[in-house]
Amino acid sequence: METFISERPPFLFISDLIGAKVDFRDGKRARLVDLTAAVSGPYPQVRHAILRFRGGKENVSSLLWSDLEPSVRGRFHVDRDSTDFPSSLLREDEIPLAAEILDRQVVDTAGAKLERVNDIHFLTHDRELRLVHVDVGFRGFFRRLVLLRVVDLLTDFFISIRIAENLIPWKSIQPLAVDKGGGLRLAVAHQLLSEIHPAELADILEDVSHTEAAAILQAVDAEVAAETVAMLDEKDQSALLERVGEEDAADVLEELPADQTADILADLPPAQAHELMQELEPGYAAEVRALIGYDEQSAGGLMTSNFVDVSMSATAAEALALLPEAAREKRFVAYLYATDADGRLAGVVSLTSLLAAEGATEVKELARDHFVNVTVETKSDEILDDFKKFQIQAIPVVDDDGKPIGIVLFRSVLFESVSELAQ
Amino acid sequence: MKTIRQRWRGIVAMMAIIGPGIITANVDNDAGGIATYSIAGAHFGNQILWVLLPVTVALVIVQEMSARMGAVTNKGLASLIREKFGLKATFYVMLALLIANFGNIVAEFAGIAASCEIFGISKMLSVPLAAFLVWMFILKMDYRRIEKIFLVACVFYAAYLLSGFQAKPDWTTVLTSSVVPSFRRDGAYLYMLVGIVGTTIAPWMQFYLQAAIVEKGITEREYRVSRWDVIVGCIGAAVIAYFITIACAATLFKQGVRISDAKDAAEALRPLAGKFASDLFAFGLLNASLFAAAILPLSTAYYLCEAFGWEAGVDKKISEAPLFYTLFFVLLVAGAATVLLPNFPLIKVMVVSQVANGILLPVILWFMIKLINDRRLMGDHANSLTWNVISWATIVAVTAMTIGMVVTSW
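Residues numbered from 1 in each chain as written. Chains lettered and ligands numbered in written order. Predicted model: local features only at pLDDT ≥ 70, side-chain atom pairs only at ≥ 80, totals over all residues.

Draft legend 1. Local environment of the overall build of chain B. Helix and strand content of chain B: 18 helices and zero strands. Taken over C-alpha atoms, the radius of gyration comes to 21 Å for chain B, in line with the 22 Å a tight globule of 410 residues would show. Taking the principal axes of its C-alpha atoms as reference, chain B extends roughly 55 × 55 × 50 Å. Taken across its 410 residues, chain B has 53% of its residues classed as buried. (Helix = DSSP H or I, 4+ residues; strand = E, 2+ residues; numbered from the N terminus. Rg over C-alpha atoms; globule rule 2.2 N^0.38 Å. Buried ≥ 20, exposed ≤ 12 C-beta atoms within 10 Å, placed from the backbone.)

Draft legend 2. Layout of the overall build of chain A. Within chain A, the regular secondary structure consists of 19 helices and 20 strands. By the compact-globule yardstick of 22 Å for 423 residues, chain A is too spread out, its C-alpha radius of gyration being 30 Å. With respect to the principal axes defined by its C-alpha atoms, chain A has extents near 100 × 50 × 45 Å. The long-range fraction of contacts in chain A, counting pairs at least 24 apart against all pairs at least 6 apart in sequence, stands at 62%. (Contact = placed C-beta atoms within 7 Å.)

Draft legend 3. Examining helix α10 (residues 246-253) of chain A more closely. Residue and element names in this part refer to chain A. Among the residues making up α10, those that are buried are Ala-249, Ala-250, Val-252 and Leu-253. The buried residues of α10 all sit within an arc of 160° when viewed along its axis, so they share a single face. Those residues of α10 that are buried lie in contact with α8 (222-231), α9 (234-244), α11 (258-267) and α12 (270-279). (Arc of directions from axis to C-beta.)

Draft legend 4. Structural detail: the interface of chain B and chain A. The interface of chain B with chain A comprises 16 residues on the first partner and 16 residues on the second. Looking at the side of chain B that touches chain A, the elements with two or more residues in it are α1 (4-15) and α5 (77-118) of chain B. The element best represented in the side of chain B that touches chain A is α5 of chain B, accounting for six residues. Looking at the side of chain B that touches chain A residue by residue, the classes come out as four nonpolar, seven polar and five charged. (Nonpolar A, V, L, I, M, F, W, Y, C, P; charged D, E, K, R; others polar.)

Draft legend 5. Fine view of the sheet that holds strand β11 (residues 119-125) of chain A. All names here are of chain A. Strand order in the open sheet formed by four strands is β1-β11-β12-β13, with antiparallel pairing between adjacent strands. The open sheet has two edge strands with one neighbour each: β1 (11-13) and β13 (167-169). Strand after strand, the sheet turns through a mean of 40° between neighbouring axes, direction not considered. Sheet topology places strand β12 (residues 128-135) next to β13; three bridges connect them, and they run antiparallel. Note that in β13 the partner of His-133 across the bridge is Pro-169. (Pairing = 2+ DSSP bridges. Axes fitted to C-alpha atoms, helices over the stretch in contact; angles between N-to-C directions.)

Draft legend 6. Fine view of the sheet that holds strand β18 (residues 374-375) of chain A. All names here are of chain A. The strand order across the open sheet built from three strands is β18-β19-β20, with neighbouring strands paired in mixed fashion. Two strands bound the open sheet, and with one partner strand each, they are β18 and β20 (404-409). Pairing of strand β19 (residues 394-398) with β20, which is carried by five bridges, proceeds in the antiparallel orientation. By the bridge assignment, Val-397 is partnered in β20 with Gly-406.

Draft legend 7. Summary view of the confidence of the model for chain B. All names here are of chain B. When the pLDDT values of chain B are averaged, the result is 83; 94% of them are 70 or greater. No element of chain B has a lower mean pLDDT than α1, at 57, and none a higher one than helix α15 (residues 322-340), at 92. Reported for the predicted complex are a pTM of 0.80 and an ipTM of 0.79. (pLDDT = per-residue confidence, 0-100.)

Draft legend 8. Just the nonpolar core, in detail. One finds Phe-109, Ala-265, Leu-285, Ala-293 and Ala-301 of chain B to be the most contacted residues of the largest nonpolar core, which totals 137 residues. With residues up to four places along the chain from it excluded, the contact list for Phe-109 of chain B reads Val-127, Ala-130, Ala-293, Gly-335, Ala-336 and Val-339 of chain B. Val-46, Val-134, Phe-307 and Tyr-337 of chain A belong to the second-largest nonpolar core, a separate cluster that totals 105 residues. (Core = buried A, V, L, I, M, F, W, Y, C linked by C-beta atoms within 7 Å.)

Draft legend 9. The arrangement of the pairing of strand β16 (residues 332-339) of chain A in detail. All names here are of chain A. Examined bridge by bridge, strand β15 (residues 307-311) and β16 share four bridges and lie parallel to one another. Paired with Ser-311 across the two strands is Thr-339, which belongs to β16. You can see the chain leave β15, run along helix α15 (residues 316-328) and come back into β16, and the turn it takes is right-handed. For β16 and strand β17 (residues 345-350), the ladder comprises five bridges, and the chain directions are antiparallel. In the sheet register, Tyr-335 faces β17, and the bridge partner there is Ser-350. (Right-handed = clockwise from strand over helix to strand, strands pointing away.)

Draft legend 10. Representation of unusual backbone geometry. All names here are of chain A. Of note, the phi angle at Asp-103 is positive, near 70°, even though the residue is not glycine. You can see Asp-103 is positioned in the loop between α2 (97-100) and β9 (105-108). Classification of Asp-103 by C-beta neighbours within 10 Å gives buried; the count is 23. Non-glycine residue Gln-391 carries a positive phi angle of around 55°. Its 8 C-beta neighbours within 10 Å are what place Gln-391 among the exposed residues.

Draft legend 11. Quick peek at the pairing of β20 of chain A. Burial runs high along β20 of chain A: five of the six residues are buried. The hairpin formed by β19 of chain A and β20 of chain A contains five residues between the paired strands, and Gly-402 of chain A there has a positive phi angle of roughly 85°.

Draft legend 12. Up close: the packing of helix α6 (residues 123-140) of chain B against helix α14 (residues 275-308) of chain B. Residue and element names in this part refer to chain B. Running from N to C, α6 and α14 point in directions that differ by 60°, and their axes come no closer than 10 Å. One element, α6, and the other, α14, form an angle in the oblique class. Note that α6 runs across α14; the crossing there is right-handed. Here Ala-130, Val-134, Phe-137 and Ile-138 of α6 come into contact with α14, specifically with Leu-290, Ala-293, Ala-294 and Leu-298. For the contact of α6 with α14, the class distribution of residues is eight nonpolar, no polar and no charged. (Parallel < 35°, antiparallel > 145°, perpendicular 65-115°, else oblique. Left-handed = near helix turned anticlockwise from the far one by under 90°.)

Draft legend 13. Inspection of the confidence of the model for chain A at higher detail. Confidence in the prediction for chain A averages 82 pLDDT; 91% of positions are at 70 or higher. Across residues 1-6 of chain A, confidence stays below pLDDT 50; counting only partners more than four residues off in sequence or on other chains, it has six contacts.

Draft legend 14. Expanded view of the environment of Ile-105 of chain B. All names here are of chain B. Here Ile-105 lies in helix α5. A C-alpha to C-alpha distance of 7.9 Å links Ile-105 and Ala-336, two positions 231 residues apart in sequence. If we skip the residues at most four places from it in the chain, Ile-105 touches Ala-293, Leu-296, Pro-297, Leu-331 and Gly-335.

Draft legend 15. Fine view of the packing of helix α3 (residues 31-44) of chain B against helix α10 (residues 187-200) of chain B. Residues and elements named next belong to chain B. It is the contact of α3 with α10, at a shortest axis distance of 10 Å, that shows an interaxial angle of 155°. As judged from the angle between their axes, α3 and α10 are roughly antiparallel. In this structure, the crossing between α3 and α10 has a hand that is left-handed. On α10, the residues touching Gly-32, Gly-33, Thr-36, Ala-40, His-43 and Phe-44 of α3 are Tyr-189, Met-192, Gly-195, Ile-196 and Thr-199.

Draft legend 16. Seen up close, helix α7 (residues 210-219) of chain A. Within α7 of chain A, seven of the ten residues are buried, which leaves it mostly tucked inside the rest of the structure. Taken together, the buried positions of α7 of chain A are occupied by His-210, Glu-212, Ala-213, Ala-214, Ala-215, Ile-216 and Leu-217 of chain A.

Draft legend 17. How the structure looks around the environment of Ala-268 of chain B. Within the secondary structure layout, Ala-268 of chain B lies in helix α13 (residues 262-273). With near-sequence residues (within four places) excluded, Ala-268 of chain B lies in contact with Leu-252, Val-257 and Ile-259 of chain B.

What follows is the structure, given as structure tokens:
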């Protein structure tokens, strides 16, 4: 008579389970092919077992993990007939772990990078199996190759060190399983994904397929998505915005300052840029269209229209009152640009001087009337020289009549000059 | 009507897509390839020319699948194999690829040594210098510029066209034998046929091409242009192979000269076709070997890392991608050092590498056809029935021939 092991070990790896033999009461035998879990939540519970009967096809059955009784040598026993478990469909939120997680890339949201999953680590509790970690290290690697014992023996013998575990908690893992609608099956709170810095998220997007990248982009906050898109290279921007679809792409782009959207659209294939432009909100589209005609290496191509202008005759209190709204719109508020009665740029007021002044003081008195300004044609190297000379954060751009139409931020030129240096 | 600016953009956009196919196909004419075609021409004359046509067709079919998978999935072949067939299968495939590619790297450095010796440069100087150049070249330059240099290197293959014309072949027989198959029942002839298939359709190419397509960010929409890149590349490479064979057939075969490698061919050409033809031949060998030596260590390190999920890429710091740089360094340095070691069993390394290539190729092709028929992966770009019949026929033929080669290698 076979002795049954009554206790389940506290921890298990999916590599220990896949391929295990399953015996039914009616004598039918099958092999465990996969396990499913609804992946949301910090420690998802394993629900169904996917089996392959001898000579048969893979079968998602209504067999639950808890129906499997451990028997000797890694086998499982089911105390009912195989016919008691009609095949069923996977639930919407349920994913097969070996097929969709194992060997695939997942986003480690804590480390902000992609990892390839070597093994999946479970905790057994009562009759439940809960997903706790993914193994991305060498132990998992050798375990899958069934070489872990050999490797441990060798390392024990020769260097007296064991390869360390490299497990990542499931609660910070976002798998890249994409559902039929092209969306991401969110495992982590989507906030975790949005908390990755756009620069790091852009690196991740560059390393996954366009479909997966589009799904990630749609899962994060529009603002994060926008900043991330702005950091991709033009080739990826084009591919990704196409994959996301015009409507969603437009929503993402609208989160960006018009000058950045203009830069992105200028690099896209003309037809794609035109289609996207149609989807943009009319006011925003006009702003973008005004910027798109300029050479990227000139003030026109570098400027943003997100500045605050104020009348020379306004008071400091009136000027300050403009700022909360401006800040909400993400305008540049370190300087205010003062205009005369004809709307021409007549002075620049710093936020510092505005805050220090009495409320009734007129802007006229606070504004510096000697200031540097450029036109849309001014080249980026000249602008850079101005920044070096005057040590300011932004330079206003004026049109032929001397009216302010935008500002060039130091960081825009910085990026240009750094990328030039890199070449 | 299109404005000039739009037209210019069109050209720029197309230039952004071409490259991978042409480069892959040309690297295929590496030191080993040139040796094989030279020997084929020298020992069998024009009789062997006809085989290049079906081999080119097979090459286009296989390469087209790699390129299509790259454009549709935006993932490398190593990645796709890992995700569909699991870690164990991937591990052994990668191990075989590592062995096969190491042999190829050694062959490239041997090619560099041999061609430089023709110009009177000692291998003690040329091989370390080449390894150093490759190291600096890869680590100090960005990918776009590297690709441009590679495309220029492709132009240098024209040396073989000149070399072929210099050899003054009898064009009438050349053209007839190019299309009329001639069969001989002797083992040496069959072995040569198999050798040509094995050297032209190599496992590493499928990985390289797909990775290059992904790296370039080519999309489904751009794939139509990319397909031409592949076709033109394969045909271009076949033309080079054709001219190498013609040059050797018109001279060495006529005079009954036996050769055992590409260096022999270059040296034997000197009295028969003149110093210019001989120098061109040697220069072509140097260019091809250097070109492949620049690509193989890096790309091999790259696929291994991709398959196993290790950080990779020359844009990463050494501390960020230690395994990638270690693999690259070891493959490069060990490959170069092997050629310099006195009494190193070079031939044995070549045979082992050829066997690894031979065993690997059917496996890779089988994986590829499974992957390209996976509709979840490829969607509407999965193989059609007709295309599947053609692909399977190619794969069966190539497999039969490589198995034949592996068996005869022992």
